[in-house]
Amino acid sequence: MNNLQPLSSPHGHAGSKTSQVMLQVLLACVPGTAALWFFFGYGVLINLVWLTALAVALEALVMLLRKRPVLFYLRDYSAVVTAVLLALALPPATPWWLGLTGILFAIVIAKHLFGGLGCNPFNPAMAGYAALLIAYPAPMTRWLLPQAVTHALPDLATAFDFFLDRDVHGHIDAFTGATALDKFRQQHGAQLVSEFWQSTKVMGQWSGAGWEWVNAGFLYGGLYLLYKKIITWHIPVGFLLAIAILAALFYDGGSSQSHGSPLMHLFAGGTMLGAFFIATDPVTAATSSKGRLIYGALTGSIVFVIRAFGAYPDGVAFAILIGNMAVPMIDRFTRPRTFGHSP
Amino acid sequence: MTSATPKLWNCAGGIHPPANKQQSLQGCIRTAVLPPQLIVPVTQPLNNPPQLCVHIGERVHKGQLLAQGSSHPGLAAHAPAAGKVTAITEHQVPGMSGVPELCVVIDTDATDTTWPKLPVLDYLHTDSDALIQRVADAGISGLGGAGYPAHSKLQSALHKVDTLVLNATECEPYISADEALLQQHAETVLNGCLILLQITGATRCLIGIEDSKPQAISALRSHAYDPRLQVMVIPALYPSGAERQLIYTLTGKEIPTGSWPVDCGVLCHNVGTAFAVARAVMHGEVLVSRVTTITGAALAQAANYEVLIGTPLASLLQQSGLDTTKLSRLISGGPLMGIELPHAGLPVTKLTNCIIATTGQELPTPPPAQACIRCGYCAQVCPIHLLPQQLYWFARSHELEQAQAHNLKDCIDCGACAYVCPSHIPLVQYFRAAKAELVQAHDQRLRAAHSKQRFEAHQQRVASELALTEQRRAERTTLAKQQPATTNSSSTAAQDAVAAALARVHARKAALKPAAADNKDPPP
Ligand code: SF4
Ligand code: SF4
C-alpha cells in the first residue's frame, strides 16, 4: 500500500484517452484523403508527410523551449491532427515553403503563442491556411485539374518537382486550372446554370469532378466519427443545414443569377472536411449542444456568403476563424440551465 | 402489489460504469467475526460535543448507551458488543475530512451480556412523536449519504411531506449492501417504509430501484402489498441515486438549489435506514451493526457482511482472504465517490457501506493529466448540467467569482465528468479545492464584516468621547471668558462643525480600511 497523498475520487475511469480521440480523427480522414489522392495525384500525400514531420518537429521544439516534457505532449497527437487538416486543405501542387510557412504559423503562432493545446481560440490549421491565402493568393488558389478532366495526373517525379518548386518544364500550367467553385464564380451571370454545366467538364455530376468523391469521402469519415461518438451531430448538422438552406434560397431555379444548387455547395470544395473535421475541433468550437448548433449554423452561413458574394472561391477557413471569434459569446448565451436553478 | 408502470422523468447526463456487484453477491449476508477490539465513533453532528455515558474501565453490555448528543440534533451511540471500555480517544475514521473523531474503544469479551432491549412498539397505534423518539433512541443515522440523524430529518418532515422516496438505487459500482439486504429482508425494509409513512403522514412511498437488480425487485414486488408502496424500476445509470436526481426521476420535481426536498414535500431515505427503523420499532433493537460490502480484486472472496459498528477493517479484510501482496489501495465507498484510506486500522462507521481492497490492475492510478481539449464529454455526462470544463478553468486559475457564477456549489462531486475525461484531468479534486476556497472566502468575509462592525463601533465611541471633551472645554472657555458672548458662541459653533466633519472623515476612512486590508492578508 502506498502512503502517499491519497488520490481523489473517482478511482475508476472510462478508459478513453485524448490520444485515442485524435487517432480516431486521423483514421476518419482516410477515405477523403484516398479520394484526393485518386483524383489529384501524389501531391496530397507529399503534403501530408511533409507537414506532419514539420509539425512534430515544431511541437517538440516549442515544448523544449517551454521546458515541458516533449514526449508526453507529442503523445496527444494534436500537432499531427493540425498538420493533417492543413495538408488536406492545401492545394496538391504546392511548393515546400508554402507548407512550411503555413504549419509554422499554425503551430507556433496560432497554437503555442496562445498558450498551447486547449488555450488557442483559433483553429490552428485554419489560421495557417488563412495566413497563406492572404500572403500567397496565387499558389493557394492553383488547384490541379482532377483526373476526370485531364485523364492524366502528374507522376510522382513531377509531383516532387512541384513540391521542390522546380517546375522547369512549365508542367504546372498544364495540370492546373480553375476549380468548379472558381468556374462558377467566373461564369456568374453569363449563362443559365444548366447550360454552364454542360459547357465544362470540370463541373462533374453536381459539384465539380472529383470533388464530389472527395466530399463523399469526408462525409463517410465524419459519419464514422459520429458513430464512434468522437463528435456530436450538432456542429455538422448546423453547418450543412445552413449551407443547404442558404443555397436553396439563392438558387432561384438555376437562372443566370443563381449561386449554385444546394447539392453543389454541399459537395464542393471543403464543405464536408469543414463540417466534420474542422468546425468540430473541440478546442475552438462552442461547448454546449445548443451552442454547437448555433456555431455550426454560423460558420456554415459564412461559408456560403463568402462563396456567393466574397472575393475568395471557398470560404471554409475564414468562416471557421470568424466563428471562433464568436465562440465566447455563443458560450455565454447558451449556458445550459443548471439543475435546480430557474432559467 | 403495484403493477402499473408509473411515469418516469428523464434525467440528462450520467454514465454507465461496469457494475462489478456480482463478486459480492455470490452468497448470503455473512455475520462478521467478533473482533477483539471495537472502535466506536461517538462524534455528533455539526461538531457538537458528545455527552459520554460510560467511563474508562467500565464494563459495558451489548446495546448499552455509550454517548448521546448534548444538544440538538444528537446521535446516540451504543455498545455493539459486551466488553470493557479501555480508552476514549480520538481515532481516525473513514471520512471525507480525514479529521480524527472521538471514539470509545471497547475490548470485547465472549460473555455476550446484553442490555435490555427497548419495548416493542405497535407502530399503527403509536403517535409520530413517540416513533421519532424511538428512532432517536436507537441511534439511527442515514446509512448512506451524509449520515445525518434520521430522527431530525423526520422531525423536519413532520406534516410537510406527501411523498416518501426510498432510495434503493445503489447506483455506484461495487456496492451491493442494499441489494443484499433487499434480497434477504425486503419485508423488513418495506415495514420500515410503512413506519416512515406513519410518522410523516405521507400518502405514498416511491421505491426507486435500478433495473440491474432483478432479484431485489422481485423480492420488493412480492412484499409490497400495501397500495401506498410503489416499486419504480428505473434504468441503470450513474448517478441516478443522487438524492435530487432520484426525486426528479420519480416525481418530476426539481428541488430548487438552496432548498431541501422536504420543502417540496418529499422525504428521501435509503434502504439501510428503513431497515434499521423497522428493527428499532418492531424489535426494540438499537443500531449497532450494518451491512457492508467487502470487495475488490485483492480479496479471495468478496461478500456482504453484517458488521458491528467499530469493527476494524483489518479484521474484515482478513476474513475475506486479503492478499497483501496484491493490495494497492483501500477505498471506503464506491470507486466513483469513495475515499482512499490510509491504512486498515480504521473502524467501520454507521456510514461505511463498502470497502474495496483493490489492485493496481483493477483500479489503476491515473496517468498524468493532459491539456483540456474542450471536448465537452464532461458536460454531456454531468447530471447537474454544469460545464465542468469551464469550472476546471476557473478553479485552476482561482477565479472564485466566476466559478460561483457557474454554479460550482451545485456540483455533487459525483465524478462522472472525471470518469469520462479523455485527458484524465482530476476534475473533482479541483472542484473540491475550489469549493473549500469558496467556503473559506465566505468565512473570511463574515469575519471581516464582523471586525469592521467592531472597528466602526470603536471609532464611534472614540469620536463621541472626543466630541464630549471638546464640548466640555468649550463650555469651560465660555465660562472663563463670559464677556463677548455673541462672537464666541458663533466660533464654538464653527468649531463643532469642524470637529463633526473630522469625525465623519475618520469614520469613513475607518470603514474603508479593513475591507482593503482583507484582500491581502487573511486573518490567522
Ligand atoms: S472531458 Fe476533459 S478534456 Fe474534455 S472538455 Fe471536459 S475537462 Fe476538457
Ligand atoms: S462531479 Fe460535479 S461537475 Fe462533475 S459531473 Fe458530477 S456534478 Fe457535474
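As the structure is a computational prediction, the values presented were derived from the model and not from experiment.

### Considerations on the overall build of chain A
Stage number 1. When helices and strands are tallied, chain A shows 19 helices and two strands.
Stage number 2. Across the 343 residues in chain A, those meeting the buried criterion constitute 56%.
Stage number 3. For chain A, the share of sequence-separated contacts (at least 6 apart) that also reach a separation of at least 24 residues comes to 75%.
Stage number 4. By element, 68% of the accessible surface of chain A is carried by carbon and sulfur atoms, the whole surface being about 14,500 Å².

### Brief notes about the interface of chain B and chain A
Stage number 1. Contact with chain B, which involves 59 residues of that partner, is made by 41 residues of chain A.
Stage number 2. The junction of chain B with chain A conceals about 4,100 Å² of combined surface from both sides, 54% of it contributed by carbon and sulfur atoms.
Stage number 3. Viewed at the interface, chain A and chain B are joined by two salt bridges.
Stage number 4. For R374 of chain B, the salt bridge goes to D331 of chain A, with nearest N and O atoms at 3.7 Å.
Stage number 5. Linking chain B to chain A there are 23 residue pairs in polar contact (both at pLDDT 80 or more).
Stage number 6. Sorting the residues of the side of chain B that touches chain A by element identifies α5 (243-251), β15 (327-332), β16 (339-341), α8 (377-381), α9 (388-396), α11 (416-420) and α12 (427-481) of chain B as the ones contributing at least two each.
Stage number 7. For the side of chain B that touches chain A, the element with the highest residue contribution is β15 of chain B, accounting for five residues.
Stage number 8. Along the lines of polarity and charge, the residues of the side of chain B that touches chain A split into 34 nonpolar, 18 polar and seven charged.

### Considerations on the packing of aromatic side chains
Stage number 1. Counted by the stated rule, this structure contains seven aromatic pairs over all chains.
Stage number 2. Between F218 of chain A and F277 of chain A, the ring centres sit 5.7 Å apart and the planes meet at 70°, which makes this aromatic pair edge-to-face. Placement of the pair is F218 of chain A in helix α14 (residues 211-227) and F277 of chain A in helix α17 (residues 271-278), with a sequence separation of 59 residues.
Stage number 3. Taking relative accessible area as the criterion, F218 of chain A reaches 2% and is therefore assigned buried.
Stage number 4. A residue is classified by how much of its surface remains accessible, and F277 of chain A, at 3% relative accessible area, is buried.
Stage number 5. The interplanar angle of 75° and the centroid separation of 5.1 Å between the aromatic rings of Y392 of chain B and Y430 of chain B together place this pair among those described as edge-to-face.

### A word on the site of ligand 1
Stage number 1. What surrounds ligand 1 is the set C372, I373, R374, C375, G376, C378, Q389, C421, P422, S423, I425 and L427 of chain B.
Stage number 2. In the shell around ligand 1, the residues fall into eight nonpolar, three polar and one charged.

### Quick notes on the packing of helix α1 (residues 128-137) of chain B against helix α2 (residues 150-157) of chain B
All names here are of chain B.
Stage number 1. Two numbers describe how α1 lies on α2: the axes approach to 8 Å, and their chain directions differ by 155°. As summarised for this structure, α1 and α2 are arranged roughly antiparallel, according to the angle between their axes. Counting all contacts with α1, which are made through D129, I132, V135 and A136, the residues of α2 involved are A150, H151, L154 and Q155.
Stage number 2. Class assignment for the residues of the contact of α1 with α2 results in five nonpolar, two polar and one charged.

### Some words on the side chain of N167 of chain B
Residue and element names in this part refer to chain B.
Stage number 1. Here N167 shows up in strand β9 (residues 163-167).
Stage number 2. Among the residues examined, N167 registers a relative accessible area of 14% and is labelled buried.
Stage number 3. There is a polar contact of 2.5 Å between the side chain of N167 and the side chain of T169.
Stage number 4. A polar side-chain atom of N167 sits 2.8 Å from the main-chain carbonyl oxygen of G241.
Stage number 5. The contact partners of N167, leaving out residues within four places of it in the chain, are D178, G208, G241, L246, C268, H269, N270 and V271.

### As for the site of ligand 2
Residues and elements named next belong to chain B.
Stage number 1. Not every one of the 14 residues close to ligand 2 is listed here, only the nearest: C382, C411, C414, G415 and C417.
Stage number 2. At the level of elements, α11 and α12 are the ones that each hand at least two residues to the shell around ligand 2.
Stage number 3. In the shell around ligand 2, the residues fall into 12 nonpolar, one polar and one charged.

### Regarding the domain arrangement of chain B
All names here are of chain B.
Stage number 1. When its domains are assigned, chain B resolves into domain 1 (22-293) and domain 2 (369-474).
Stage number 2. When each unit is reduced to the centre of its C-alpha atoms, the spacing between domain 1 and domain 2 is 33 Å.
Stage number 3. At the interface, six residues of domain 1 touch six residues of domain 2.
Stage number 4. When the area that domain 1 buries against domain 2 is broken down by residue, the three leading residues are Y238, P239 and Q245, summing to 65%.
Stage number 5. Taken together, the links from domain 1 to domain 2 amount to zero salt bridges.
Stage number 6. For the side of domain 1 that touches domain 2, the residue count by class is four nonpolar, two polar and no charged.

### Section: the nonpolar core
Taken as a class, soluble globular proteins show a tendency for nonpolar side chains to be buried jointly.
Stage number 1. Membership of the largest hydrophobic core comes to 87 residues, with the highest contact counts inside it found for L88, I103, M126, Y129, F277 and Y295 of chain A.
Stage number 2. Examining the composition of this core, we find that 10 residues originate from one element, helix α5 (residues 78-89) of chain A, more than from any other.
Stage number 3. Leaving out residues up to four positions away in the same chain, L88 of chain A has contacts with C29, T33, L36, V44, L48, F218 and L273 of chain A.
Stage number 4. In terms of nonpolar packing, the next biggest core, distinct from the first, is built from 52 residues, L166, L182, L229 and F275 of chain B among them.

### Quick word on the sheet that holds strand β12 (residues 266-270) of chain B
Residue and element names in this part refer to chain B.
Stage number 1. If you trace the four strands from one edge of the open sheet to the other, you get β11-β10-β9-β12, paired in parallel fashion. In the strand order of this sheet, the two ends are held by β11 (229-234) and β12, each with one partner. Between one strand axis and the next, the sheet turns by 25° as a mean value, whatever way the strands run.
Stage number 2. Here β9 pairs with β12 via five bridges, running parallel. Each bridged residue has a counterpart across the sheet, and for T163 the counterpart in β12 is V266.
Stage number 3. In this fold helix α3 (residues 177-200) packs onto β9, β10 (204-210), β11 and β12, with an angle of close to 160° to the strand it touches most, β9.

### What about the packing of helix α15 (residues 234-251) of chain A against helix α18 (residues 289-309) of chain A?
Residues and elements named next belong to chain A.
Stage number 1. Running from amino to carboxyl end, α15 crosses α18 at an angle of 35°, the nearest separation of the two axes being 7 Å. The handedness of the crossing between α15 and α18 comes out as right-handed. Across from H234, I235, G238, F239, A242, I243, L246, A247 and F250 in α15, the residues of α18 making contact are S289, R292, L293, Y295, G296, A297, T299, G300, S301, V303, F304 and F309.
Stage number 2. Of the residues assigned to the contact of α15 with α18, the class counts are 13 nonpolar, seven polar and one charged.

### So, a nonpolar patch on the surface
Residue and element names in this part refer to chain A.
Stage number 1. Taken together, the side chains of W233, V237, L241, I245, L249, F250, L293, I294, V305 and F309 make up a nonpolar region of the molecular surface, amounting to roughly 910 Å² of accessible area.
Stage number 2. Counting residues per element, the ones that place at least two in the nonpolar patch are α15 and α18.
Stage number 3. With five residues, α15 is the single largest residue contributor to the nonpolar patch.
Stage number 4. According to the relative accessible area criterion, V305 is partly exposed, its value standing at 41%.

### A look at the pairing of β10 of chain B
As a general feature of sheets, a regular strand has side chains that alternate between the two faces.
All names here are of chain B.
Stage number 1. Taking burial as the measure, the seven residues of β10 include six buried ones, the bulk of the element.
Stage number 2. Sheet analysis places β9 next to β10, joined by five bridges and oriented parallel. The residue of β10 that forms the bridge with V165 is L206.
Stage number 3. A crossover links β9 with its parallel partner β10, the connecting element being α3, and its sense is right-handed.
Stage number 4. Here β10 pairs with β11 via six bridges, running parallel. Following the sheet pairing, C205 is matched in β11 by L229.
Stage number 5. Viewed along the sheet, the connection from β10 through helix α4 (residues 214-223) into β11 turns out right-handed.

What counts as what
Residues numbered from 1 in each chain as written. Chains lettered and ligands numbered in written order. Predicted model: local features only at pLDDT ≥ 70, side-chain atom pairs only at ≥ 80, totals over all residues. Heavy atoms only, no water. Helix = DSSP H or I, 4+ residues; strand = E, 2+ residues; numbered from the N terminus. Buried < 20%, exposed > 50% of the residue type's maximum accessible area, 1.4 Å probe, protein only. Contact = heavy atoms within 4.5 Å. Areas by Shrake-Rupley, 256 points an atom, 1.4 Å probe, with all protein chains shown as cover. Buried area = accessible area lost by both parts, 1.4 Å probe. Salt bridge = Lys/Arg side-chain N within 4 Å of Asp/Glu carboxyl O. Polar contact = N/O pair within 3.5 Å; in protein donor to acceptor, adjacent residues only side chain to side chain. Nonpolar A, V, L, I, M, F, W, Y, C, P; charged D, E, K, R; others polar. Phe/Tyr/Trp six-rings, centres within 6.5 Å; stacked < 30°, edge-to-face > 60°. Near = heavy atom within 4 Å. Axes fitted to C-alpha atoms, helices over the stretch in contact; angles between N-to-C directions. Parallel < 35°, antiparallel > 145°, perpendicular 65-115°, else oblique. Domains from an automatic or database assignment. Core = buried A, V, L, I, M, F, W, Y, C linked by side-chain atoms within 4.5 Å. Pairing = 2+ DSSP bridges. Left-handed = near helix turned anticlockwise from the far one by under 90°. Patch = residues over 30% accessible without salt bridge, like charges linked within 9 Å, V, L, I, M, F, W, Y side chains within 5 Å. Right-handed = clockwise from strand over helix to strand, strands pointing away.

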